[in-house]
Amino acid sequence: MALAFTGIAYLVWVLVAWATRGLVADMVSFSAAFDPNFPPATRIVRIVFVDAGVAIDLVGILWLVVSMFLIIYASRQKFSISWAWMSGLCQATVAALGGVLVAWAVHLPYQPVAARSVPAATIISWEKLSGISLPILAVLAILIWVTFLVLLLVERARVNRRGPSLRDGLRTNIYR
């Protein structure tokens, strides 16, 4: 169950990163130019979640890998499984708090503003990289998750000296 919850926690991370990145990018495009008079929280959120979105993506996938290693060490009885659960719970919580922070910061500057045009030279190339990094790293995370799942299944089969048999599902109905 910890393996499934860790995957779900990363999915929450991806969904929040995707939604917040889109929200901030829409705010920037609707305001026609990123107004330097925006509140500092709004400017910081734009830098962190849009311009440096690659860092958010990398932190998410590294957190997933750390959680997977905690699950492996728990399966070998080196750590308690509670550490893996706590890691997944913290990842989902941090993602949710990040989403709340972005929503708050994006709505701070909304007031009637005259439409202005964005000069093409102000578009930051990091924004484009952040736009393509999330889908790529999400696919990579799914591959990592599946790899660890297969690794744990192989390790369990090796410990049991055999893999699951067709009769395993019938064991409760067989009387000896």
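Just so it is clear, the model here is predicted, and its values are computed rather than measured.

Engineer: Which residues make up the overall build of the protein, and what are the values?
Structural biologist: From N to C terminus, the protein includes five helices and zero strands. Walking the protein from its N terminus toward its C terminus, one meets helices and strands in the order α-α-α-α-α. Per-residue burial for the protein yields a buried fraction of 34% across its 176 residues. Taking as baseline every contact in the protein between residues at least 6 positions apart, the subset at least 24 positions apart corresponds to 82%. Only carbon and sulfur atoms are counted for the fraction: they give 73% of the accessible area of the protein, which is about 11,300 Å².

Engineer: I'd like a description of the side chain of Ser 67, backed by residues and values.
Structural biologist: Topologically, Ser 67 is positioned in helix H3 (residues 53-75). We classify Ser 67 as buried; its relative accessible area is 0%. Not counting chain neighbours up to four residues away, the residues in contact with Ser 67 comprise Thr 6, Ala 84, Ser 87 and Gly 88.

Engineer: Lay out helix H4 (residues 81-107) in plain terms, naming residues and giving numbers.
Structural biologist: For H4, spanning 27 residues, the distance from its first C-alpha to its last is 40 Å, which sits close to the expected 39 Å at 1.5 Å a residue. Those residues of H4 not exposed but buried are Ala 84, Ser 87, Gly 88, Gln 91, Ala 92, Ala 95, Gly 98, Gly 99, Val 102, Ala 105 and Val 106.

Engineer: Give me the packing of aromatic side chains: which residues, what numbers.
Structural biologist: Counted by the stated rule, this structure contains four aromatic pairs. On the basis of an interplanar angle of 85 degrees and a centroid distance of 5.3 Å, the ring pair of Phe 69 and Phe 148 is categorised as edge-to-face. Here Phe 148 lies in helix H5 (residues 125-159) and Phe 69 lies in helix H3, a separation of 79 residues in the sequence. Taking the relative accessible area as the measure of exposure, Phe 148 reaches 11% and is therefore buried.

Engineer: I'd like a description of H3, backed by residues and values.
Structural biologist: An ideal rise of 1.5 Å per residue puts 33 Å on 23 residues; H3 measures up with 33 Å between its terminal C-alpha atoms. Trailing H3 by a residue or two, Gln 77 shows a phi angle of about 60 degrees, which is positive.

Engineer: Before we move on, can you summarise a nonpolar patch on the surface with the specific residues and values?
Structural biologist: Taken together, the side chains of Phe 69, Tyr 73, Phe 79 and Trp 83 define a hydrophobic patch exposed on the protein surface, amounting to about 440 Å² of accessible area. Overall, the relative accessible area of 54% leaves Trp 83 in the exposed class.

Engineer: Can you lay out the confidence of the model for the protein for me, pointing to particular residues and giving the numbers?
Structural biologist: Residues with a pLDDT of 70 or more make up 78% of the protein, whose mean pLDDT is 80. Predicted confidence in the protein is weakest over helix H2 (residues 40-51), with a mean pLDDT of 81, and strongest over H3, with 93. For the stretch residues 111-118, pLDDT sits under 50, and the model shows nine contacts to residues farther than four places along the chain or on other chains.

Conventions and cut-offs
Residues numbered from 1 in each chain as written. Predicted model: local features only at pLDDT ≥ 70, side-chain atom pairs only at ≥ 80, totals over all residues. Heavy atoms only, no water. Helix = DSSP H or I, 4+ residues; strand = E, 2+ residues; numbered from the N terminus. Buried < 20%, exposed > 50% of the residue type's maximum accessible area, 1.4 Å probe, protein only. Contact = heavy atoms within 4.5 Å. Areas by Shrake-Rupley, 256 points an atom, 1.4 Å probe, with all protein chains shown as cover. Expected span 1.5 Å × (residues − 1). Phe/Tyr/Trp six-rings, centres within 6.5 Å; stacked < 30°, edge-to-face > 60°. Patch = residues over 30% accessible without salt bridge, like charges linked within 9 Å, V, L, I, M, F, W, Y side chains within 5 Å. Salt bridge = Lys/Arg side-chain N within 4 Å of Asp/Glu carboxyl O. pLDDT = per-residue confidence, 0-100.

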